[in-house]
Amino acid sequence: MVVKEGVRSANPNAKSLFERITTASGEALWRRLLAGGIVAITASAAIELLAPRYFVTVFGAASTIMPAISASVVFGASVYCLAMLLLTWELRYLLSAVAFSTLGAGMALQIFVDLRMPGSLPSEWISTISWTISALFFAVAAYIGISCPASTRVRSLVQFGLSALLVLSPWFLFAPYVISKSSYHLLTDLAYQSIPFAIAGMLARSITIALYAIAFVGFYRRANTGGNRVSGLLCYAFVPLIVGLIYRLGSGTGSNQWSIMSEALSTIAWLALIGGFGIENAIMQREARDRVQELDALHHVSWSIVGAGSVHDLLEMFARTHHEQLGASVAAVYLASQAGDYLELFAICGPDDCPAKVGAKYAVQSANRRPGFHTGHTAKAFLSGEVQIANDVFADVEFVPWRLIAADDGCAVSLPLMIGRKAIGVVNLYFSDCRQLTRQRLRLLGTITQAAAPAIASALAKEAAEKQGTGDVELDMAA
């Protein structure tokens, strides 16, 4: 069904905070990412220029803690991606888990080495290698679209075991160099004294920035076109992360003001990511709860249609189910005359004074130019076969008592009952809170209306046949 917007507002229903988070457009996502990048660059530059001593004093003392925080957060992100792999079997989650695990292993083992050998020459080759490898995995994960679902339980266990080993492999690769002091000292001395090693380190950091930028573009496209919120969360994290990597490139070796700024931005990025994962889990729980409620409502609607006797009983139960199960303050069902020139109110459920209107007939077309039923959203829905939403309920909500309209901030929706391309009636629903009419709720209402239209048409045909049969019998008896 096509949805037409209401009388006055360009937005048919005021969105809640939940909907604003989950239905952000691509343009809004781009603006948010651009704003995040500007804030990260402006804030870091302002700290560099205005409060360098204060920054070094505060964040320099925390520079030993921030890598540990980042490593813990990155490890949690790796576990999250591994769990998503088990649920979806999409290869991009495996690559993302390996990327996070590589980065976490590099951070953790670099911290271990620094604590174990505090007197060694400054070198961060473990961290540098882990950043570059993780960037490569992220760049591939951003563009790959392969899934490998397991057909049997044994195959699923084997796939998950191999995936877990692959995710843990970076820890085993770096461990020998950390355990053996002689190996690490040798590589540290070479990295400190050799110009090729220094050039290789700068080149690796430059490649890392380029790969993270490529991954950012890939995840942005996936979030923009496919609506993948996890990809959007990675984009939010990559913005301050890339700025931090640029600071890291300029810091050279050792601990200085730029390296501390890089560590701070990286920590902020990973904390934002893990917070986003928490929000994503909450949103998924909310969506799952809404799906269960909608399925339960659909179940009640289907039983109301099956258990009805006459057309009036069917429509009365249909309206009552919308009122009780779907949260509509008022639910009304109109059916068209055979000629299609007027709509008759067959059933309505809501306040006590509403049933008095049952049986009223309204013309859907009129030569009168004054506002009336023929200019309202109900007639428009019937004539056009498209869903009409009235956000300005003071304009033409003819089936809702004025005392309700005056007390609420509500909206109404008219859904045509379609048989092919022909409308046989209209279902009108009024919600006292316009936030109740979410996009998901609107899709559910459209599904219910489409499913109910054939049953209503069949009941009408059956009732008409029974009346025709009764009339024929009476004529025979009279003859």
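In what follows, the structure referred to is the one given above.
This structure is a prediction, so every number in the text was calculated from the model and none was measured.

## Some thoughts on the overall build of the chain
- Assigned secondary structure in the chain consists of 16 helices and 7 strands.
- Scored against the burial criterion, the 479 residues of the chain give a buried share of 44%.
- In the chain, once contacts between residues fewer than 6 apart in sequence are set aside, the share between residues at least 24 apart is 69%.
- For the chain, the computed accessible surface area is about 24300 Å², with 63% contributed by carbon and sulfur atoms.

## So, the pattern of salt bridges
- Applying the stated criterion to the full structure yields 3 salt bridges.
- In this structure, Arg92 engages Glu90 in a salt bridge whose closest nitrogen and oxygen atoms are separated by 2.7 Å.

## Structural notes on a nonpolar patch on the surface
- Where nonpolar side chains cluster on the molecular surface, the patch consists of Ile65, Ile69, Leu271 and Ile274 and spans about 310 Å² of accessible area.
- Of note, Ile274 is situated in helix 11 (residues 257–306).
- Assessed through its relative accessible area of 31%, Ile274 is described here as partly exposed.

## Let's talk about the packing of aromatic side chains
- By the definition in use, this model includes 10 aromatic pairs.
- Cluster of aromatic residues (ring-pair linked, three or more members): Phe100, Trp131, Phe138, Tyr212, Phe219, Phe238 and Trp270.

## Thoughts on the environment of Ala97
- Note that Ala97 resides in helix 5 (residues 91–116).
- We classify Ala97 as buried; its relative accessible area is 0%.

## What to know about unusual backbone geometry
- One non-glycine residue, Trp89, lies in positive phi territory at about 55 degrees.
- Among the secondary structure elements, Trp89 is positioned in the loop between helix 4 (66–88) and helix 5.
- Note on Trp89: relative accessible area 8%, which makes it buried.

Calculation rules
- Residues numbered from 1 in each chain as written.
- Predicted model: local features only at pLDDT ≥ 70, side-chain atom pairs only at ≥ 80, totals over all residues.
- Heavy atoms only, no water.
- Helix = DSSP H or I, 4+ residues; strand = E, 2+ residues; numbered from the N terminus.
- Buried < 20%, exposed > 50% of the residue type's maximum accessible area, 1.4 Å probe, protein only.
- Contact = heavy atoms within 4.5 Å.
- Areas by Shrake-Rupley, 256 points an atom, 1.4 Å probe, with all protein chains shown as cover.
- Salt bridge = Lys/Arg side-chain N within 4 Å of Asp/Glu carboxyl O.
- Patch = residues over 30% accessible without salt bridge, like charges linked within 9 Å, V, L, I, M, F, W, Y side chains within 5 Å.
- Phe/Tyr/Trp six-rings, centres within 6.5 Å; stacked < 30°, edge-to-face > 60°.

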